[in-house]
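# Close look at the chain arrangement
Single-letter residue listing:
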Amino acid sequence: MEGERRASQARSSGLPAGGADGDSPGGSAPFPGSSGSSALLQAEVLDLEEDEDDLEVFSKDASLMDMNSFSPMMPTSPLSMINQIKFEDEPDLKDLFITVDEPESHVTTIETFITYRIITKTSRGEFDSSEFEVRRRYQDFLWLKGKLEEAHPTLIIPPLPEKFIVKGMVERFNDDFIETRRKALHKFLNRIADHPTLTFNEDFKIFLTAQAWELSSHKKQGPGLLSRMGQTVRAVASSMRGVKNRPEEFMEMNNFIELFSQKINLIDKISQRIYKEEREYFDEMKEYGPIHILWSASEEDLVDTLKDVASCIDRCCKATEKRMSGLSEALLPVVHEYVLYSEMLMGVMKRRDQIQAELDSKVEALTYKKTDTDLLPEEIGKLEDKMECANNALKADWERWKQNMQNDIKLAFTDMAEENIHYYEQCLATWESFLTSQTNLHLEETSEDKP
Amino acid sequence: MEQAPPDPERQLQPAPLEPLGCPDAGLGAAVGKEAAGAGEEDSGVDTMTHNNFWLKKIEISVSEAEKRTGRNAMNMQETYTAYLIETRSVEHTDGQSVLTDSLWRRYSEFELLRNYLLVYYPHIVVPPLPEKRAEFVWHKLSADNMDPDFVERRRIGLENFLLRIASHPILCRDKIFYLFLTQVFFFYLADSRLKALNATFRVKNPDKRFTDLKHYSDELQSVISHLLRVRARVADRLYGVYKVHGNYGRVFSEWSAIEKEMGDGLQSAGHHMDVYASSIDDILEDEEHYADQLKEYLFYAEALRAVCRKHELMQYDLEMAAQDLASKKQQCEELATGTVRTFSLKGMTTKLFGQETPEQREARIKVLEEQINEGEQQLKSKNLEGREFVKNAWADIERFKEQKNRDLKEALISYAVMQISMCKKGIQVWTNAKECFSKM
């Protein structure tokens, strides 16, 4: 039944968390000891917001996973931490609801920018209130993303929509662009809220709740721009070294990320192109129907037939419009988000490699006694812990991400197929009823004409 | 099909010796009712909608004006103003009006309508358009055609123009006027009619049916060409949509290589995308047959025109012969009675250089009488020929009409059948693909 599949060997070698078989409808948690029940949550059961819910949920005691606070306060060793990674299925415990809406334009003497209203509803104790409303601009989202990456360098942070799209844009602030961005920002925040670790991040909380001036003053604290830039330069240099000693499972992960990135980019291009072609088809179709009406003005015997044809064409035209809008709502944003995700993933790999590089260089220093080695063992110990945590965090988040990706892609393409089926069904009904009306009126004629 | 416009010159011609053309030509009727401006000579072949359109009371308004940019005939950017024409039908019972048509037109399209009316109703005082350019301005600023006040006044003027036409007993029934209000592409028909008129002979009394037939063939030709052109563009776009999906096939296949769980689903879905993409080739090939059927009637239009031309030639010939005969008879009469009314060279020279002798006059009369006799014979046979031609031609045209109606209807039905088949294929492929996706 299947066509030849290339490089089937590559597939069977699988990825670290192997366990689930391709055909099991439930899709199971990769870690055998999981208490995950129904697992693959059917699209019909969930709201769109909840489909990001994990199968495997980290322990709510996520403070253990906070990489930024790697201090002696860490109660346990990395080994025991692994055991603490639980996989709990808690779909009903969503307690943070976020919406992004009401884009508004602000004009100052220096610049024009858009802010979005963000409404947060929550039952969590650590929040001062149960409802918050704030306004944020794109820059603020960028800041939040930066902070999350800093705090969790090897977690897969959701992507932000691009700053501005180069192609096909007349100006930054056209309505479609703003709406697309608003939807993407909404998704961004909700993905963070659904992430077992990120959802408890302090900067995230401040982003959702602080008033404008509070946020500005908070932003000013923390490492300055220069130091962050300095880190990046070092990071690029040292991550190259980290690649050498990358463990096998991460090599495979990296391969996957590279290939996935290629494919998803292609799919993005293809999908955009389909949308464009459909739009042009629609534009031409709009002209097609009315010509039949014009024709009917000079054909007394064919008036009804021609008018009926015209109305069929118009109805198919409308169906095309609906198909297009379905495509732009269900498929395009999802595919595009994963294009951005693939870039994120490469960043995550780099950061992991960077930590590895740091560790390796210290180990090297110790081995070859290049510098003063008194403090090295302790530093190395800390770095080893850090590496272990980073790797585990990435591994676990990777599985979660993959599962989400499969769900999202599957849903998006199923929707696309559904839109197309619906489109063809509508057109079919239209033309069939035309045919019926024609044969009803002239039963004798058509029976003569039938071959 | 529209009636031929009444020719006012008919009123001034002496009544012909024999009825020309078809015995039941509009001529007799036209002479009788000409004074009233016979516009109600309904050939009975108006479209249903055209008749119904005028049964209800309608309101016309030019309600809005909008600045637009577009490309003109020279493919250069230009700015112009477009006006919204809204037509409402008024329900008698409660006086409420319902919007039935609305479209945008620019000034040049109003001009086209007016030119058409001028040519087709030469004996009617056609309402004027508001000025094309702002003239007689007392304020420098309002010389600009884009000036809002000028635009507003022009909007009112255009509305007035349309209302005057709508309230004119003859012009209001004109089909091109109706199309102006309701059809975006009306200019195809107006334009072709104008062109057709320029090309005709000065045939004074053509058989109305042939004139109508000529109009019809022009309309048929222009509408089918337009339809074929748009169909080709639509087919082109459709091809694009289908073929791009084929790319999914390739990428899905490559992607499936790195996916453990999704791989099978992706791979087989990709296969269905390939099937989908390649299905368009057969679909469009079938549609070419449909296009060919339409093209045949596009070319038939030329054949119809040829028949009309033949009739015109014969008619022209007949009219010239009748005219010649009439003038000879006149000369003869004058010679016989001695009165000189008609101008002839002989008559002039006689006047200048002296009277002719009675014998000379007798001789001339005799020659003329012979010619008159001959002429009458020729006219008789030409008339007979003409009527024979009309009878046969019209019989064939009726046959042609039946054939055309059958063929075109069949073609349209086959088009529907093709669409149905395309839809069924689409449903099949996408249902298969959906199943594969859901198994991912």
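Residues numbered from 1 in each chain as written. Chains lettered and ligands numbered in written order. Predicted model: local features only at pLDDT ≥ 70, side-chain atom pairs only at ≥ 80, totals over all residues. Heavy atoms only, no water.

## Examining the overall build of chain B
- Each helix and strand in chain B was counted, giving 11 helices and 3 strands.
- Starting at the N terminus, the α and β elements of chain B follow one another as α-α-α-β-β-β-α-α-α-α-α-α-α-α.
- For chain B, buried positions account for 47% of its 440 residues.
- Here the contacts in chain B between residues at least 6 apart in sequence split such that 72% fall between residues at least 24 apart.
- A total of about 22900 Å² of accessible surface is found on chain B, and carbon and sulfur atoms cover 54% of it. (Helix = DSSP H or I, 4+ residues; strand = E, 2+ residues; numbered from the N terminus. Buried < 20%, exposed > 50% of the residue type's maximum accessible area, 1.4 Å probe, protein only. Contact = heavy atoms within 4.5 Å. Areas by Shrake-Rupley, 256 points an atom, 1.4 Å probe, with all protein chains shown as cover.)

## Observations concerning the overall build of chain A
- For chain A, the count of helices and strands is 11 helices and 3 strands.
- Along chain A, helices and strands appear, N-terminal first, in the series α-α-β-β-β-α-α-α-α-α-α-α-α-α.
- Buried residues in chain A amount to 48% of all 451 residues.
- Of all intrachain contacts in chain A linking residues separated by at least 6 positions in sequence, the fraction that spans at least 24 positions is 75%.

## Here's the deal with unusual backbone geometry
Residues and elements named next belong to chain A.
- Phi at Glu102 is positive, roughly 50 degrees, even though this residue is not glycine.
- For Glu102, the location among the structural elements is in strand 1 (residues 96–107).
- What makes Glu102 partly exposed here is its relative accessible area of 39%.

## Digging into helix 3 (residues 138–151) of chain A
All names here are of chain A.
- Here helix 3 is 14 residues long and its end C-alpha atoms lie 20 Å apart, about the 20 Å a rise of 1.5 Å per residue gives.
- Judged by how many residues are buried, helix 3 sits mostly within the fold: 10 of 14 residues are covered.
- Those residues of helix 3 that sit buried are Tyr138, Asp140, Phe141, Trp143, Leu144, Lys145, Lys147, Leu148, Glu149 and Ala151.
- Looking at the buried positions of helix 3, the neighbouring elements they touch are strand 2 (112–122), strand 3 (131–137), helix 4 (175–194), helix 5 (202–209), helix 6 (212–220) and helix 9 (303–368). (Expected span 1.5 Å × (residues − 1).)

## A word on a negative patch on the surface
Residue and element names in this part refer to chain B.
- A cluster of like negative charges, contributed by Glu359, Glu362, Glu369, Glu370 and Glu374, occupies part of the molecular surface.
- One can find Glu362 in helix 11 (residues 358–438).
- Overall, Glu362 belongs to the exposed group, its relative accessible area being 53%. (Patch = residues over 30% accessible without salt bridge, like charges linked within 9 Å, V, L, I, M, F, W, Y side chains within 5 Å. Salt bridge = Lys/Arg side-chain N within 4 Å of Asp/Glu carboxyl O. Lys, Arg positive; Asp, Glu negative; His and termini not counted. Charge placed at Lys NZ, Arg CZ, Asp CG, Glu CD.)

## Here's the deal with the packing of aromatic side chains
Residue and element names in this part refer to chain B.
- This model, assessed by the stated rule, comprises 31 aromatic pairs over all chains.
- An angle of 70 degrees between the planes, with centres 5.0 Å apart, marks the rings of Phe110 and Phe180 as edge-to-face. Of this pair, Phe110 sits in helix 4 (residues 107–120) while Phe180 is found in helix 6 (residues 175–182), placing the two residues 70 residues apart along the sequence. The pair Phe110 / Phe180 is uniform in exposure class, with both members buried. (Phe/Tyr/Trp six-rings, centres within 6.5 Å; stacked < 30°, edge-to-face > 60°.)

## Details of the nonpolar core
- Of all hydrophobic cores here, the largest spans 143 residues; its most connected members are A:Trp401, A:Trp431, B:Leu162, B:Tyr248, B:Phe252 and B:Trp255.
- Here this core gets 22 residues from one element, more than from any other, and that element is helix 11 of chain B. (Core = buried A, V, L, I, M, F, W, Y, C linked by side-chain atoms within 4.5 Å.)

## Concerning the interface of chain A and chain B
- Counting residues at the interface gives 76 residues for chain A, matched by 70 residues for chain B.
- Across the chain A to chain B interface the summed buried area is about 7400 Å²; carbon plus sulfur atoms make up 68%.
- The interface formed by chain A and chain B contains 8 salt bridges.
- Where A:Glu432 meets B:Lys424, a salt bridge forms, and the shortest distance between an N and an O atom there is 3.9 Å.
- Across the contact surface, chain A and chain B share 17 residue pairs in polar contact (both at pLDDT 80 or more). (Buried area = accessible area lost by both parts, 1.4 Å probe. Polar contact = N/O pair within 3.5 Å; in protein donor to acceptor, adjacent residues only side chain to side chain.)

## What about the sheet that holds strand 3 of chain A?
Residues and elements named next belong to chain A.
- Reading across the sheet, the 3 strands line up as 1-2-3 and stay open at both edges, with antiparallel pairing between neighbours. Only two strands of the sheet have a single partner each, and these edge strands are strand 1 and strand 3. Here the average twist between neighbouring strands, direction ignored, is 20 degrees.
- Each of strand 1 and strand 2 touches helix 4; the most contacted strand, strand 1, lies at about 145 degrees to it. (Pairing = 2+ DSSP bridges. Axes fitted to C-alpha atoms, helices over the stretch in contact; angles between N-to-C directions.)

## Quick word on the packing of helix 9 (residues 263–337) of chain B against helix 11 of chain B
- It is at 8 Å that the axes of helix 9 of chain B and helix 11 of chain B come closest, and there the two elements cross at 170 degrees. What the angle tells us is that helix 9 of chain B and helix 11 of chain B run roughly antiparallel. (Parallel < 35°, antiparallel > 145°, perpendicular 65-115°, else oblique.)

## Some remarks on the environment of A:Tyr424
- Structurally, A:Tyr424 is set in helix 10 (residues 376–441).
- Taking relative accessible area as the criterion, A:Tyr424 reaches 2% and is therefore assigned buried.
- With 104 residues separating them along the chain, A:Tyr424 and A:Thr320 place their C-alpha atoms 9.3 Å apart.
- Look past the residues within four positions of A:Tyr424 in its chain and what remains in contact with it is A:Arg323, B:Tyr242, B:Tyr276, B:Met422, B:Cys423, B:Gly426, B:Ile427 and B:Trp430.

## What to know about the side chain of B:Gln403
- Residue position: B:Gln403 is located in helix 11.
- Contacts of B:Gln403, omitting those with residues within four sequence positions, involve B:Tyr297 and B:Tyr300.

## Here's the deal with the pattern of salt bridges
- Scanning all chains against the criterion turns up 53 salt bridges over all chains.
- A salt bridge links B:Arg305 to B:Asp218; the nearest nitrogen and oxygen atoms lie 2.8 Å apart. With B:Arg305 in helix 9 and B:Asp218 in helix 8 (residues 208–256), this residue pair connects regions lying 87 residues apart in the sequence. B:Asp218 shares its class with B:Arg305; the two are buried.
- The residue B:Glu376 makes a salt bridge to B:Lys329 at a minimum N-O spacing of 2.6 Å. Here B:Lys329 lies in helix 9 and B:Glu376 lies in helix 11, a separation of 47 residues in the sequence.
- The partly exposed category is assigned to B:Lys329, whose relative accessible area is 27%.
- Here the salt bridges do not stand alone but share partners, grouping A:Asp101, A:Glu102, A:Glu104, A:Arg117, A:Glu133 and A:Arg135 into one network.

## Considering the confidence of the model for chain A
Residues and elements named next belong to chain A.
- Residues of chain A with pLDDT of at least 70 account for 69%, and the chain-wide mean is 76.
- Averaged pLDDT values over the elements of chain A bottom out at 37 in helix 1 (residues 8–13) and peak at 93 in helix 8 (residues 248–296).
- Low pLDDT, under 50, characterises residues 1–90; the stretch is placed with 146 contacts to residues that sit more than four places away or in other chains. (pLDDT = per-residue confidence, 0-100.)

## Considerations on the side chain of B:Arg154
- Here B:Arg154 lies in helix 5 (residues 148–166).
- Comment: no salt bridge for buried B:Arg154; closest opposite-charge side chain is B:Glu111, at 7.7 Å.

## What about the confidence of the model for chain B?
Residues and elements named next belong to chain B.
- The share of residues in chain B with pLDDT of 70 or more is 74%, and the mean pLDDT across the chain is 77.
- No element of chain B has a lower mean pLDDT than helix 2 (residues 26–33), at 28, and none a higher one than helix 8, at 91.
- Counted against residues more than four places away or in other chains, residues 1–53, with its pLDDT under 50, gives 83 contacts.
- For this predicted complex, the interface confidence score (ipTM) comes to 0.71, while the overall pTM stands at 0.66.

## A closer look at the state of the cysteines
- Applying the stated criterion to the full structure yields 0 disulfides over all chains.
- As a non-bridged cysteine, B:Cys423 has A:Cys427 as the owner of its nearest cysteine sulfur, 4.8 Å distant. (Disulfide = S-S within 2.5 Å.)

## Some details on the packing of helix 8 of chain A against helix 9 of chain A
All names here are of chain A.
- Where helix 8 contacts helix 9, the axes come no closer than 7 Å and their chain directions differ by 165 degrees. Considered as vectors, helix 8 and helix 9 are oriented roughly antiparallel to each other. Between helix 8 and helix 9 the crossing geometry is left-handed.
- Here the residues of the contact of helix 8 with helix 9 sort into 32 nonpolar, 12 polar and 9 charged. (Left-handed = near helix turned anticlockwise from the far one by under 90°. Nonpolar A, V, L, I, M, F, W, Y, C, P; charged D, E, K, R; others polar.)

## Things to note about the environment of B:His311
Residue and element names in this part refer to chain B.
- Mapped onto the elements of the fold, His311 is located in helix 9.
- The buried category is assigned to His311, whose relative accessible area is 3%.
- For the pair His311 and Asp207, spaced 104 residues apart in the sequence, the C-alpha separation amounts to 8.3 Å.
- Filtering out sequence-adjacent residues up to four positions away, His311 remains in contact with Pro206, Asp207, Phe210, Phe389 and Val390.

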